[in-house]
Structures are given as structure tokens and as C-alpha cells.
Amino acid sequence: MAGTTNAFEMAQRQFDHVAELLKLDPQVREILRWPLREFSFRIPVKMDDGTIRMFQGFRVQHNDARGPNKGGIRFHPAETIDTVRALATWMTWKCAVVDIPLGGGKGGVIVDPATLSTGEKERLVRGWVDIMVRNVGPRQDVPAPDVGTTGQMMGWMMDEYSKLKGEYTPGFITGKPLGGGGSEGRTEATGFGVIYTVREAMKHLKLDPKKCSAAIQGFGNVAQYAAIGFIEILGGKVVCVSCWDRIDKTSYTFYKADGIDPRYLMSITDQYGTIDKEKAKAAGYKIEDGGEWIKKDVDVLIPAALEGQINADTAPLIRPSVKLIAEGANGPTTPEADTIIQSRGIFQVPDFLCNAGGVTVSYFEAVQNDMNFYWTKEEVHDKLDTKMTQAFGAVLDMSLKEKVNMRDAAYMVAIARVVKAMELRGWI
Ligand SMILES: NC(=O)C1=CN([C@@H]2O[C@H](COP(=O)(O)OP(=O)(O)OC[C@H]3O[C@@H](n4cnc5c(N)ncnc54)[C@H](O)[C@@H]3O)[C@@H](O)[C@H]2O)C=CC1
Ligand SMILES: O=C(O)CCC(=O)C(=O)O
């Protein structure tokens, strides 16, 4: 968690605020403020040098009233139970806002994956499954990738689960590689989903995407495809992306006034998301401090790295040119920054709506696994666009009807759906 903000306190504050607006029953609030189940465990891994190292792992299942818990597994050295709790809670709202029949879960391991060999990574993720096997599965809880985890890791985890169960079970996990039970379109799903919501927001704001520019924080899975989509789907210009440099242990912004080329930058990015500065410089990029992305004279900001990046210190740096913030990351904006942004009339597409494309295609992946019949990339993109556009429309309608901002409106849509499922199941 970046800065001093606690992500779970932030998730609870956001929820409490909307629960108050909705005059939600205090007992229902108490159910939804906390995860229903939490797992904290230690995973022994035999390292390449023969020693055994213990890794701290987590899985949090926030609410499964609408269906099996769903959500990624994050590998990060600063992972905490509270970050995982927050991310699991946001997954409940995310699945509800795009109206897919799933609940909210999230997992994590305290580790910097860049410090592990391929074999160590494989043994670590298999160990995670060995410990969690009784409490995950296609009808209980379906993991997926998040920061620091990859499609290949999902493939190993699916294999471990299938071996333990004695039957091929691809629907245990999503984000698997193509040819190994994965779905076409999952890799670009979150970034493209961000762009579909940006397109809808621009229609609402009467902005011409071809005349718009964007600054993006991050250059991992979400940021890369958000950058590609902003340029190739919308016809706009992206002036910068940023990344964490694992060698220098600091972040940098890669800026080009006439527009970056994300496909070129991807070709000079290593598997951990660090962009080669020398090659970028030679290709005309200005290498700036990691905090510079937010100070650009652009129309759109897309935070797509970690939580708490737009906070009381950084929100005042946002330029007057910015009309739209599309939250690719989970929890990138603190409540203090929300107040600043809203007082300036900047339109926000809130995280659990904006970045719901990933879990939506994960759901499509699980559906295809169940059918054992696979869709084309075009079919997946079309279905994703439909889902994201419908979800954006439902949240915008709520925002206009209730005269609330888009974050509160997204919570209102999502909470109503989860509460209804709890009522129908007789929980409340
Ligand atoms: N991958 C997915 O399908 C989804 C991811 N998300 C969220 O999107 C965000 C990004 O996730 P991914 O792209 O999957 O992760 P990733 O691991 O592929 O990329 C993370 C990126 O953030 C950069 N980064 C880390 N710290 C930074 C800093 N201080 N300044 C600038 N850049 C920094 C890294 O260099 C890397 O480029 C996270 O909040 C994640 O939870 C949300 C929905 C789905
Ligand atoms: O694809 C998924 O199931 C979950 C992705 C995820 O972890 C997220 O949306 O934050």
C-alpha cells in the first residue's frame, strides 16, 4: 500500500458513506463491512540452494451471496492482510456492478517475485494451492492473476489443483495461458475495459477522443492495454507511462510530447515491468521522476499501478486541463483526494467499474471452461464491450438520478444487487 493510507480503512469509509446515503440497515452494514472468511497461512518452499523458506500467504473471501468468490492473487513485498481485505471487498462490488454472478475474493503472498527463479515461483504457487485446496474451486472461490502474478503461474496452479482433485478442473482459476484453458482476450481485457468506459465517459462529457491526450501511471498488464486502447480504439494520444524500476528501486515516467508508442515500450520492458531507460532515451523518450505523470497537461489521467497514488499530496498537482480520471488500478484515489477532485468538477470513472473488464473476461473464461467450447477474440471483445457499456450506463443513470458522484453511484448499484441476493437467499 502506497503512502500511509490503509486500503481496507479506505474501502470501509467509502462503503460507510454510501450505506449512510442509502440508510442501509445497520445489521446489513455489519455483514458487508467485513469479509465473511479470511485465510492466513505460511507456505514452505524449497529454494534452489536447498534451503527452505517460509512465505506468508493470504486469501480473503468477502461475500459470496451472488456466486463463488472471485479475484486475483497479488505477489508484492508490501502485501498486508488489510490490502487483501480491501481488494476482496472491492471485488464484491466489482462483480456486482458489471452484473456477473460472482462474489468477492482476493489473495496475496508477501514476496518480490523478481527475487525468485522460475522453479521457486512454480513451487511457491503450487504450495499456495496445496494449502488452500479445500476452500477454493469452481463453485467456491476462483483465483486469477493480479500484480506480480502471471498466466504461467495460473497454469501451474490449475495443474496442481487438478492433480489434487484427480480430475482436469480448468474452471478452478482464470487468466490461464491460451492453449492451457485460457480465454482469448483476457490479457487485454482490463485495459480495454478501461478504454470502453473512457469512451462512454467522453460521450457523456462531449469530448472528441481524437483530440484528447492521456497520462498513464504504471506499465503493467492494465496500463499497457489501456495505452494501446486509448491510441488504437479511441484514436487519442498518450504522452506518458510510468514504471517501477526494480534495479534502481524507484519509479520513472517515460514522456514523449508527440505521443508514446506502447508496443515499442512493451518490446523493451522486462517480465517484471521495468522499461529499459537507455533504449527509451535513444528512441526520444524523456525519462522523468515517477511522480511527474500526474502533472501533465492532458485531458485524461489513468492511474494503473497501485493504491493510494492520488492522495492529499498529489491531487493538488493535477492540471486544470484534466477533465476525466479513469481508475485502472484498484483504490488509486484516497477519500481526501476524492474531495479535491470532486470540488474541481473532474469526472471520475471509479475503480471497480473502470477496471471490471478483467474479471468480466475471467467470468467468460470460466463459462467457456464449463462448456469446453471456446469463443473467438472478436466474440470476447464484443461481449466485454457490451457488459462494460451497460455497467457504465447503469452507474451514470444512478449518478444523475440520485445527484451523487460516480463512485457513490457505483456503490449504490452494486450494494443494491448484493443486498438483493442476500435477501433472496434468506441471509437477512
Ligand atoms: N491485471 C488485471 O486484470 C487487473 C488489475 N487490476 C489492478 O490494476 C493495477 C495494476 O495491475 P497490473 O497491471 O495487473 O499489475 P502489473 O504487475 O502487471 O503492473 C503493475 C505496474 O505498476 C508499476 N508500478 C508499481 N509501483 C509503481 C510506482 N510507485 N510508480 C509507478 N509505477 C509503479 C509496475 O512497474 C508495473 O508496471 C493494480 O491495482 C491491480 O490490482 C484491476 C483489475 C484487473
Ligand atoms: O480476473 C479476475 O478474476 C480478478 C481480477 C482482479 O483481481 C481484479 O479485478 O482486481
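All chains use their own residue numbering, which begins from 1 and follows the written sequence. Ligands are numbered from 1 and chains lettered from A, in the order in which they are written. Side-chain atom pairs in this predicted model are given and counted only at pLDDT of 80 or more, local residue features only at pLDDT of at least 70, and totals for whole chains, interfaces and linings cover all residues.

- Per an unreviewed UniProt entry, the chain carries the name Glutamate dehydrogenase and comes from Longilinea arvoryzae.
- UniProt positions are given in the numbering used here, feature names are shortened, and annotations may be inferred rather than shown by experiment. What UniProt states about the chain under its Sequence similarities (unreviewed entry) heading is, verbatim, "Belongs to the Glu/Leu/Phe/Val dehydrogenases family."

### What to know about the overall build of the chain
Logical step 1: Helix and strand definitions here come from DSSP, where helices need a minimum of 4 consecutive H or I residues and strands a minimum of 2 consecutive E residues; each element is numbered from the N-terminal end. Broken down by element type, the chain carries 14 helices and 12 strands.
Logical step 2: Here the radius of gyration uses the C-alpha set of atoms, whereas the globule reference equals 2.2 Å times the residue count to the power 0.38. What you see for the chain is a C-alpha radius of gyration of 20 Å, in line with the 22 Å of a compact globule of 428 residues.
Logical step 3: Over its C-alpha atoms, taken along the principal directions, the chain stretches across nearly 55 × 55 × 45 Å.
Logical step 4: Neighbour counting defines burial: a residue surrounded by 20 or more other C-beta atoms within 10 Å of its own C-beta is buried, one with 12 or fewer is exposed, and intermediate counts give partly exposed, using backbone-placed C-beta atoms. Across the 428 residues in the chain, those meeting the buried criterion constitute 54%.
Logical step 5: Residues are scored as being in contact if the C-beta atoms we place from backbone atoms lie within 7 Å. Contacts in the chain between residues at least 24 apart in sequence constitute 73% of all its contacts with a sequence separation of at least 6.

### Overview of the domain arrangement of the chain
Logical step 1: Per the domain assignment, the segments of the chain are domain 1 (36-182) and domain 2 (187-354).
Logical step 2: Placing a centre on the C-alpha atoms of domain 1 and another on those of domain 2 gives a separation of 27 Å.
Logical step 3: Facing the eight residues of domain 1 at the interface are eight residues of domain 2.
Logical step 4: Per-class residue counts for the side of domain 1 that touches domain 2 are seven nonpolar, no polar and one charged. For the domain bounds, the source is a domain assignment made automatically or taken from a database. The classification used treats Ala, Val, Leu, Ile, Met, Phe, Trp, Tyr, Cys and Pro as nonpolar, Asp, Glu, Lys and Arg as charged, and all other residues, Gly among them, as polar.

### Some words on the site of ligand 2
Logical step 1: Each residue gets a C-beta atom placed from its backbone. If that atom is within 6 Å of a molecule or strand, the residue is near it. Neighbouring residues of ligand 2: 13 residues in total, closest Gly-72, Ala-144, Gly-358, Val-359 and Ser-362.
Logical step 2: Mapped by element, the contributors of at least two residues to the shell around ligand 2 are strand E3 (69-76) and helix H12 (357-371).
Logical step 3: For the shell around ligand 2, the per-class residue count stands at two nonpolar, eight polar and three charged.

### Some points on the sheet that holds strand E5 (residues 141-145)
Logical step 1: In short, DSSP must find at least two bridges between two strands for them to pair. Overall, mixed pairing links the five strands, which are arranged E1-E2-E4-E3-E5 in an open sheet. Because the sheet does not close on itself, it has two edges, and the strands there are strand E1 (37-46) and E5. Pairwise comparison of adjacent strand axes, ignoring direction, gives a mean angle of 25 degrees for this sheet.
Logical step 2: Judged from the 10 bridges that link them, E1 and strand E2 (residues 52-63) form a sheet pairing that is antiparallel. Looking across to E2, one finds that Pro-44 is bridged to Met-54.
Logical step 3: For helices, the axis comes from a line fit to the C-alpha atoms of the stretch in contact; other axes are also lines fit to C-alpha atoms, and the angle between any two N-to-C directions lies between 0 and 180 degrees. With respect to the sheet, helix H4 (residues 118-132) is in contact with E1, E2 and strand E4 (103-110), its orientation differing from that of E1 by roughly 140 degrees.

### A word on the site of ligand 1
Logical step 1: Taken together, 26 residues lie near ligand 1, and Gly-220, Ser-251, Gly-273, Ala-329 and Gly-358 sit nearest.
Logical step 2: Those elements that provide at least two residues to the shell around ligand 1 are helix H7 (221-232) and strand E7 (237-245).
Logical step 3: Here the residues of the shell around ligand 1 are counted per class, giving 11 nonpolar, 14 polar and one charged.
Logical step 4: Each of domain 1 (36-182) and domain 2 (187-354) accounts for three or more of the residues forming the shell around ligand 1.

### Some details on helix H13 (residues 377-402)
Logical step 1: Taking 1.5 Å per residue, 26 residues should reach 38 Å; H13 reaches 37 Å between its end C-alpha atoms and fits that length.
Logical step 2: Buried within H13 we find Val-380, His-381, Leu-384, Lys-387, Met-388, Ala-391, Phe-392, Ala-394, Val-395, Leu-396 and Ser-399.
Logical step 3: Residues of H13 that are buried sit in contact with helix H3 (81-97), helix H6 (186-205), helix H11 (351-354), H12 and helix H14 (406-424). To estimate the expected span of a helix, subtract one from its residue number and multiply by 1.5 Å.

### Quick word on the sheet that holds strand E6 (residues 213-217)
Strand pairing in a sheet takes place through backbone hydrogen bonds and is either antiparallel or parallel in direction.
Logical step 1: Pairing in this open sheet of seven strands is mixed, and the strands run E9-E8-E7-E6-E10-E11-E12 from one edge to the other. What marks the edges here is a single partner per strand, and that holds for strand E9 (286-289) and strand E12 (347-349). Each adjacent strand pair in this sheet contributes to an overall mean axis angle of 20 degrees, direction not counted.
Logical step 2: Across three bridges, the pairing between E6 and E7 is parallel. Opposite Ala-214, over in E7, you have Val-238 as the bridge partner.

### Looking at the pairing of strand E8 (residues 250-255)
Logical step 1: Judged from the six bridges that link them, E7 and E8 form a sheet pairing that is antiparallel. Bridge pairing links Val-241 to Phe-254 in E8.
Logical step 2: The antiparallel hairpin formed by E7 and E8 contains four residues in its connecting segment, where Lys-249 sits at a positive phi of about 55 degrees.
Logical step 3: Here four bridges tie E8 to E9, and the two strands are oriented antiparallel to one another.

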